[in-house]
Every structure is written in structure tokens, then in C-alpha cells.
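Take a look at the letters that make up each chain.
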Amino acid sequence: MPHDTDDRLVDIHDRPVRFGVLGSADIARRRMLPAFAAGAGSALTAVASRDLDRARECAAPYPGCTPVGDYEELLARDDVDAVYVPLPLALHAQWAEAALRAGKHVLAEKPLAADPATARRLMTLAADRQLVLMENVMFVHHPQHAAVRKLVADGEIGTLRSVSASFAIPELPRDDIRYRADLGGGALREVGLYPVRAALHLLGGGLRVAGAALHRDEGHDVETSGAALLQAPDGVIAEVTFGIGHAYRSAYELWGSRGRIRVENAFTPPADHHPVLLVEHATGTAPVVLDAHDQVAATVAEFVTAVRTHAGPVDADVVLEQAGLLAAIAEFAPAPEGS
């Protein structure tokens, strides 16, 4: 395979971080490959698929990107600094670990692993090898959430009492991998992760699961919707709801002693979307309009910065607490009720 051996001698601060991609998932093709190719500090070097024709199709729009027909072959390339893993959840840990052991930094699709113990083991491996390991939760890199937290900290809605967060998506094709238990599918980890992470992002650590329920639509072998009640150490309650097969919903609300803040299009806003924070008081609603922001590009930039500063695992404590909460929600409702 062709490599630029001299490039290995160049400090990574003097050239882009070179990405290889394992798999051709929809999120990779629609959002991440274009971001890697367009980033000021990143470059797209190779895309691997078990189907070489599919790899060729994914690589074709990007000059200099090599299609590869084997995941291990991509990990062996010396023109790849970092690996993006958009495979099904059941394969995240296997290939994230393989990439780390090959000396590559890793950006892994969410969730990082199917259970907390595996997530912790991967974070430890990355730390031991001084490699970046980051879970690809993009919405936390959008500044609208920092603006919300500042409004709360400034007392705009008084004392925070509760948070509610929802993420749901329409029905998927029957053969979609998110309906496959053997690949780690199910609404809890596929879409429930978003409101759970929002609760962590807005309230901080120390959350505990106070209750949960899961539901499975007829004909599916994974849960298709659910809800959980979380509680922060200071008593603030967070209600999270999620589902597949719903009208689209991506929002959260913070309710305080003197008002509320509502955020629509909270988790997957387009790059040209101008967020509007709706601040409600007894006297009326005041919209706060923010600048548009590309959270995909911001996520890639954050990862590149971590690589260049030798940051090691990114947000390890939050990722591990999130994994623990998802596992605890599943424990509260181990057998989803069917219709």
C-alpha cells in the first residue's frame, strides 16, 4: 500500500491529523467524512469496508482517500493517525481496542461500549498508551448549551428545580441495525443516550436512576421507547424520554423557581441553524437568538486539539458515568413490556 514515509517524521502540529474510517455507516457518509476532509486540522486518508466496492464508493468524493477492503489493513497503515469507528455498537469495543493497540487515536461512535466495565477498560488502555479516545457525542460541542448553563448560573430562572429532555426519531426500515439485538441495537442506547447525556451536561455528575421503564413494539426484539427518572445530589430531578417510531423530537427544558428555558432542535441542529433559547417568565417569553454553529466541525476540531496536546482520553469520567446510567436504566426495566 502506498505511504508517505517521510511524513511520519513530521510533527503532527505541522500537518493535518490523518483519519481512517472503519465502516461505511450513514452517519459516516453524511456527516463525518465531509468534516474530516474539510477540517483545517484534519485530512481523510482511508475508508475501509468489508465490501471493497462500498469502500470505493465512500472514498470516491475525496481526492487522496484510499479505499481499503479490510479493517486490519487500515489499522496497519502508517498514513493513518486516528481512526473513526462508526460500526454497530456490538463492534465498537473490539475495533476501538484494536485501533488503540495499533497506536491510533480513536473517535468512536456513541456509546463507546455496551457496558460500563468495557468502557472503563478502553479508557484505561488509551490512558496507558497516551492516546486520545473520544466518544462521538457531538451536541455537547455546540455553544447553545453553554449559553443555557450561563443563564441558569446567572439566576435567570431562579433556583433550578427540574430538567426534562426528549429525543425520538421516526420509524426505521425493518432491517435497520438499530432493531437488531445481536448488533447492540435498541432505543435506550441508540437514542436514549442523548437525553441522558443532556442531563449529565446540564446538571453535572452524581446522578442516580430513581426509576425507569422500557417498551418494545410488537415484532421487535429490542426496546423501541422508554423513559427514566434521574436525580442529582442536590435533589434536582431529570426526566428523560426517548423512542424510535415517534414523531421527531429533539428538545429539553429547564424549570426553575422563577421561570423556564426551552431548547428545541437541541441534539442534531444543522450547521446553519440559529438556536433560539425560549426564556419564559410570568410576564412572557423572551427569545434569545444565538449564532449558527457547526457542531460536527467543532467535534472534529476538539478531537484534533486533543491529539495535538496529547490529552489522552477525553471526558472519561462523563463517558463512564453515562455508561453506568444507561446500564442502571436497563436494570430497572430488564424485560421491556410489549404491545
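None of these values were measured; they are calculated from a predicted model.

**Thoughts on helix 8 (residues 295-308)**
Since one α-helical turn is 3.6 residues long, residues separated by three or four positions face the same way.
Then comes step 1: For helix 8, which comprises 14 residues, the first-to-last C-alpha distance of 20 Å matches the rise-based estimate of 20 Å (1.5 Å per residue) to within 8%.
Then comes step 2: Of the positions making up helix 8, those classed as buried are Gln 295, Val 296, Ala 298, Thr 299, Val 300, Phe 303, Val 304, Ala 306 and Val 307.
Then comes step 3: Just past helix 8, the residue His 310 takes up positive phi, approximately 55°.

**Looking at the packing of helix 5 (residues 116-128) against helix 9 (residues 316-332)**
Then comes step 1: For the pair helix 5 and helix 9, the least separation of the axes is 9 Å and the interaxial angle reads 165°. What the angle tells us is that helix 5 and helix 9 run roughly antiparallel. Crossing of helix 5 over helix 9 shows right-handed handedness. Note on element contacts: helix 9 touches helix 5 through Ala 316, Val 319, Leu 320, Ala 323, Gly 324 and Ala 327, opposite Pro 116, Ala 119, Arg 120 and Met 123.

**Considerations on the environment of Asp 317**
Then comes step 1: Note on placement: Asp 317 falls in helix 9.
Then comes step 2: Owing to a relative accessible area of 66%, Asp 317 belongs among the exposed residues under this scheme.
Then comes step 3: Counting along the chain gives 197 residues from Asp 317 to Arg 120, while the straight-line C-alpha distance between them is 9.2 Å.

**Comments concerning the side chain of Ser 49**
Then comes step 1: When you line up the elements, Ser 49 lands in the loop between strand 2 (42-48) and helix 2 (52-59).
Then comes step 2: A polar contact is formed between the side chain of Ser 49 and the backbone nitrogen of Asp 51, at a distance of 3.1 Å.
Then comes step 3: The contacts of Ser 49, once residues within four sequence positions are left out, are Ser 24, Arg 54, Ala 55, Val 68, Gly 69, Asp 70 and Tyr 71.

**Observations regarding the side chain of Glu 253**
Then comes step 1: Take Glu 253: it is sitting in strand 11 (residues 249-256).
Then comes step 2: Looking at Glu 253, its side chain comes within polar contact range of the side chain of Arg 260, at 3.4 Å.
Then comes step 3: Excluding its chain neighbours within four sequence positions, the residues that come into contact with Glu 253 are Ser 162, Val 163, Ser 164, Arg 260, Ile 261 and Arg 262.

**Re the nonpolar core**
Then comes step 1: Membership of the largest hydrophobic core comes to 48 residues, with the highest contact counts inside it found for Val 148, Leu 230, Tyr 252, Leu 254, Ile 261 and Phe 267.
Then comes step 2: Other than its neighbours up to four places away in sequence, Tyr 252 contacts His 145, Val 148, Ser 164, Ala 165, Leu 202, Ile 261, Arg 262, Val 263, Ala 266 and Phe 267.
Then comes step 3: Judged by nonpolar contacts, the second largest core, of 30 residues, contains Ala 93, Ala 99, Leu 133 and Val 319.

**Structural notes on the confidence of the model for the protein**
Regions with low pLDDT should not have their predicted coordinates read in detail.
Then comes step 1: Chain-level pLDDT for the protein is 94 on average; 95% of the residues reach the 70-or-more range.
Then comes step 2: Long-range and interchain partners of residues 1-10, a stretch whose pLDDT sits below 50, account for twelve contacts in this model, where long-range means more than four residues apart.

**Comments concerning empty space enclosed by the protein**
Think of a ball as big as a water molecule: rolled over the atoms, this probe shows where empty space is left.
Then comes step 1: Taken as a whole and judged by the stated rule, the model has three cavities of 30 Å³ or more.
Then comes step 2: A volume near 50 Å³ is recorded for the largest cavity.
Then comes step 3: Lining the largest cavity are Met 134, Glu 135, Val 137, Val 140, His 141, Arg 197, Val 314, Asp 315 and Val 319.
Then comes step 4: Of the residues belonging to the lining of the largest cavity, the class tally is five nonpolar, one polar and three charged.

**Some details on the environment of Ala 38**
Then comes step 1: Secondary-structure assignment places Ala 38 in helix 1 (residues 26-38).
Then comes step 2: The exposure class assigned to Ala 38 is exposed, which follows from its relative accessible area of 66%.
Then comes step 3: Between the C-alpha atoms of Ala 38 and Pro 287, which are 249 residues apart in sequence, the distance is 33 Å.

**So, unusual backbone geometry**
Keep in mind that most residues, glycine aside, have a negative phi and that most peptide bonds are trans.
Then comes step 1: Looking along the chain, the bond that leaves Lys 110 and enters Pro 111 is cis, with omega of -15°.
Then comes step 2: By the secondary structure assignment, Pro 111 is in the loop between strand 5 (105-108) and helix 5.
Then comes step 3: Despite not being glycine, His 310 has its phi angle at roughly 55°, a positive value.
Then comes step 4: Under the relative-accessibility criterion, His 310 is labelled exposed at 62%.

**Describing helix 4 (residues 89-101)**
Then comes step 1: Between the first and last C-alpha of helix 4 there are 19 Å, a value that for 13 residues agrees with the 18 Å anticipated at 1.5 Å per step.
Then comes step 2: Positive backbone phi, at 85°, marks Gly 103, one or two positions downstream of helix 4.

About the cut-offs
- Residues numbered from 1 in each chain as written.
- Predicted model: local features only at pLDDT ≥ 70, side-chain atom pairs only at ≥ 80, totals over all residues.
- Heavy atoms only, no water.
- Helix = DSSP H or I, 4+ residues; strand = E, 2+ residues; numbered from the N terminus.
- Expected span 1.5 Å × (residues − 1).
- Buried < 20%, exposed > 50% of the residue type's maximum accessible area, 1.4 Å probe, protein only.
- Axes fitted to C-alpha atoms, helices over the stretch in contact; angles between N-to-C directions.
- Parallel < 35°, antiparallel > 145°, perpendicular 65-115°, else oblique.
- Left-handed = near helix turned anticlockwise from the far one by under 90°.
- Contact = heavy atoms within 4.5 Å.
- Polar contact = N/O pair within 3.5 Å; in protein donor to acceptor, adjacent residues only side chain to side chain.
- Core = buried A, V, L, I, M, F, W, Y, C linked by side-chain atoms within 4.5 Å.
- pLDDT = per-residue confidence, 0-100.
- 1 Å grid on protein atoms, 1.4 Å probe; cavity = no way out; pocket = protein on both sides within 12 Å on 5 of 7 lines; lining within 4 Å.
- Points joined across faces, edges and corners; volume = space filled by probe spheres on them.
- Nonpolar A, V, L, I, M, F, W, Y, C, P; charged D, E, K, R; others polar.

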